[in-house]
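# Examination of the molecular architecture
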Amino acid sequence: MLKEFTCILCPNGCDIQADLDDKNTIQSTNGANCQGGITYVHQELTDPKRTISSSVLVKGGVLPLVSVRLSHPVPKKHIFDIMEQIKSISLTAPVRSGDVVLPNVLGLGSDVIATKDVEEICLK
């Protein structure tokens, strides 16, 4: 069975065709310009992973939201559960880039971290 993938590991976006047997074992690939593309196809078939970028509410900040991301990719099947966790929290300013917002989210070994500084509103 022939399956088609677009590799997302680099800007080249190789269109890769993988010939699979009945157990989803790769028999051959076409279109990968590097070993990374073949590795990507294998991962997509066995354990697809993704990363998340989102935002979290900030109370008392000069900005209402702070951008956040995962520190490591997680299994694709957990994306919506992680987004529910992210949506359920808010932070209080100040927030610093690199702050861990949710440690080891869902026990998957990835932290949700802030990617921007948000200063506290100074009322004078």
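Just above sits the structure.
Residues numbered from 1 in each chain as written. Predicted model: local features only at pLDDT ≥ 70, side-chain atom pairs only at ≥ 80, totals over all residues. Heavy atoms only, no water.

What follows concerns the sheet that holds strand S6 (residues 65-70). Strand pairs in the sheet, formed through backbone hydrogen bonds, run parallel or antiparallel to each other. Pairing is mixed in the open sheet, where five strands are placed in the order S8-S5-S6-S10-S9. The open sheet has two edge strands, strand S8 (90-92) and strand S9 (100-102), and neither has a second partner. Taken over all neighbouring pairs, the strand axes of this sheet differ in orientation by 45° on average, direction set aside. Where strand S5 (residues 53-59) meets S6, five bridges bridge the pair, whose relative direction is antiparallel. What sits directly across from Ser53, in S6, is Arg69. (Pairing = 2+ DSSP bridges. Helix = DSSP H or I, 4+ residues; strand = E, 2+ residues; numbered from the N terminus. Axes fitted to C-alpha atoms, helices over the stretch in contact; angles between N-to-C directions.)

On to the pattern of salt bridges, then. Here the structure, examined in full by the defined rule, presents four salt bridges. For Lys49, the salt bridge goes to Asp47, with nearest N and O atoms at 3.6 Å. Asp47 gets classed as partly exposed once you look at its relative accessible area, which sits at 33%. Taking the shortest distance from any N to any O, the salt bridge between Lys87 and Glu84 comes out at 3.1 Å. Remark: Glu84 and Lys87 occur in helix H2 (residues 79-87); sequence separation between them is three residues, near one turn of the helix. What makes Lys87 exposed here is its relative accessible area of 59%. (Salt bridge = Lys/Arg side-chain N within 4 Å of Asp/Glu carboxyl O. Buried < 20%, exposed > 50% of the residue type's maximum accessible area, 1.4 Å probe, protein only.)

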